[in-house]
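Descriptive structure summary
In case you want the letters, here they are:
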Amino acid sequence: MVERKSNLTTPVPWTPSPQSLRPEQGVVDVWRIPLDVNEAVLTSLAATLDATERQRADRFRIDSKRAEFIVTRGFLRRILARLLSSHTGSAVAPCDIAFDYAAHGKPSLNDRWRATGIQFNATHSHGLAMIAVTRGCSLGIDIEKLRRHKDLVSLAKRWFSNAEVEELLSLPSNMQASAFFRGWTRKEAFVKAIGDGITYGLDQFDVALSPHVPAALLRIKEDRDVANWRLEHLDPGADYVGAVAVQADRFELRCWDELGLCDAI
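The rules we used
Residues numbered from 1 in each chain as written. Predicted model: local features only at pLDDT ≥ 70, side-chain atom pairs only at ≥ 80, totals over all residues. Heavy atoms only, no water. Pairing = 2+ DSSP bridges. Helix = DSSP H or I, 4+ residues; strand = E, 2+ residues; numbered from the N terminus. Axes fitted to C-alpha atoms, helices over the stretch in contact; angles between N-to-C directions. Contact = heavy atoms within 4.5 Å. Buried < 20%, exposed > 50% of the residue type's maximum accessible area, 1.4 Å probe, protein only. 1 Å grid on protein atoms, 1.4 Å probe; cavity = no way out; pocket = protein on both sides within 12 Å on 5 of 7 lines; lining within 4 Å. Points joined across faces, edges and corners; volume = space filled by probe spheres on them. Nonpolar A, V, L, I, M, F, W, Y, C, P; charged D, E, K, R; others polar. Expected span 1.5 Å × (residues − 1). Phe/Tyr/Trp six-rings, centres within 6.5 Å; stacked < 30°, edge-to-face > 60°. Lys NZ or Arg CZ within 6 Å of the ring centre and 35° of its normal.

Brief notes about the sheet that holds strand β8 (residues 139-145)
In spatial order, the strands read β8-β12-β11; together these 3 strands make up an open sheet with antiparallel pairing. Every interior strand has two partners, whereas the edge strands, β8 and β11 (229-234), have only one. Each adjacent strand pair in this sheet contributes to an overall mean axis angle of 15°, direction not counted. Two elements, β11 and strand β12 (residues 240-247), share 6 bridges in a ladder whose sense is antiparallel. Within β12, the position partnered with L234 by the bridge is G242. Relative to the sheet, helix α7 (residues 173-194) contacts β8, β11 and β12, its axis offset from that of β8 by approximately 150°.

This is the structure:
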C-alpha cells in the first residue's frame, strides 16, 4: 500500500472564463456549467455531437436527463475547441473534434489531436456540470448534489473501504451525509482518472471524507504507480460537492464559470 497525505488549501474562487485560454502542463482548468439552458442553446449544442453521442442521448428515457447529457457533451466540445484553437493557432470547430474510448468508456482525443497532450474529464449531477482539462497527465472529476438518502451508511458499507466506513460512523449523524458525498466524489474522481471506473474496486483504496479534512488519497493498492496522485476538493456551489483527481506531484487549479459561453452560442 502507498500512503498519501495532503495539506489544507484555500478554496479556489470561480471567475468568468477568458475567451483565450491555453491548456498548460501543471495547470488544471475546471469549468462549472449550469445545465438549465433554453431550447435554442440545446439545439445548437446537440448539432455539434457525433453519431455515437446522439445515440447515447437517445437512450435516455427522461427528457431532462437527455438534455443534461447533450449540454455537458456540447460544452465539452466547445471548451476543447477553444483550447485546441489556442494551442494549435488554427480554428477548430466543436463538431470537428473526434474521440476514442478506452475499454471502460473513458473518452480521449483521437489521433488527430493526441499529440497535444490534452486530457479531460466531465461530470454532471442534478442541473450542474463540471469539466476538467489539463495537459500531459491523467485526471478525473466528479460532482454530486447533496441530498437525503434513507440509508447512506448501508451504501457506504457496500462501496467504501472498512476504514472509510469507520470514519463515517465516527461522525455525528448530522455530518454523515456531507461526508458520504465527499467520499463518493473523491473515489469516483480517482477511478475515472485511471479509466477503470468502479471495476477497480471502490473499497480498494481510502480517501479522507470528514468535513474540514483536506481531500487526500490515504491508501491505494500497490498495483499502480500512485505516489504522485493528488486529490482536490471542489466547491461547485450551494448543495453540491465535487473533487478532481490528478496524476501529478503538484498543480495549479483554475476554476471558471461558463455563464458567458451560453450567451455566445
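Quick notes on the environment of A156
Its location among the elements puts A156 in helix α5 (residues 152-159). With a relative accessible area of 0%, A156 lands in the buried category.

Regarding the pairing of β8
Here β8 lies mainly inside the structure; 6 of its 7 residues are buried. In this sheet, β12 lies alongside β8 in antiparallel orientation, the contact comprising 7 bridges. Bridging from a neighbouring strand, E144 pairs with V241 of β12.

Comments concerning the sheet that holds strand β7 (residues 128-135)
Across the sheet, which stays open at both edges, the 5 strands sit in the order β2-β13-β3-β7-β6 with mixed pairing between neighbours. Strand pairing shows two members of the sheet lacking a second neighbour, β2 (14-16) and β6 (118-125), which therefore form its edges. On average, each strand axis in the sheet is inclined to that of its neighbour by 25°, with strand direction left out of account. Sheet topology places β2 next to strand β13 (residues 252-257); 3 bridges connect them, and they run parallel. Across the sheet, the residue bridging to P16 is D257, located in β13.

Side note on the layout of surface pockets
There is about 770 Å³ of room inside the largest pocket. Along the walls of the largest pocket sit 30 residues, with R56, G105, A122, T123 and K192 positioned nearest its centre. Going through the elements one at a time, α3 (63-88), β6, β8 and α7 are the ones with two or more residues in the lining of the largest pocket. Tallied by class, residues from the lining of the largest pocket come to 10 nonpolar, 10 polar and 10 charged.

Focus on α7
Between its first and last C-alpha, α7 extends 32 Å over 22 residues, near the 32 Å set by a 1.5 Å rise per residue. By the criterion of burial, α7 is predominantly enclosed, with 17 of the 22 residues buried. Two residues or fewer past α7, G195 is found with a positive phi of approximately 85°.

Observations regarding the side chain of K106
Position of K106 relative to the elements: it lies in the loop between β4 (99-101) and β5 (107-109). Among the residues examined, K106 registers a relative accessible area of 15% and is labelled buried. With residues up to four places along the chain from it excluded, the contact list for K106 reads D100, Y101, F120, N121, L139, K192, A193 and G195.

Description of unusual backbone geometry
A positive phi is found at H126, a non-glycine position, where the angle reads about 50°. Among the structural elements, H126 can be located in the loop between β6 and β7. Judged by its relative accessible area of 38%, H126 is partly exposed. A positive phi angle, near 70°, is found at D239, a position not held by glycine. Within the fold, D239 resides in the loop between β11 and β12.

Focus on the packing of aromatic side chains
Applying the stated rule across the entire model yields 11 aromatic pairs. Pairing F160 with W184 gives two aromatic rings, centres 6.5 Å apart and planes at 25°, and the pair type is stacked. With a gap of 24 residues between them, F160 in the loop between α5 and α6 (162-170) and W184 in helix α7 connect regions that are remote in the sequence. Across the pair, W184 and F160 agree in class, each one buried. An aromatic cluster is present here, built from W159, F160, F180, F181 and W184 joined pairwise through their rings. Taking NZ or CZ as reference, K187 lies 4.0 Å from the ring centre of F205, over its face.

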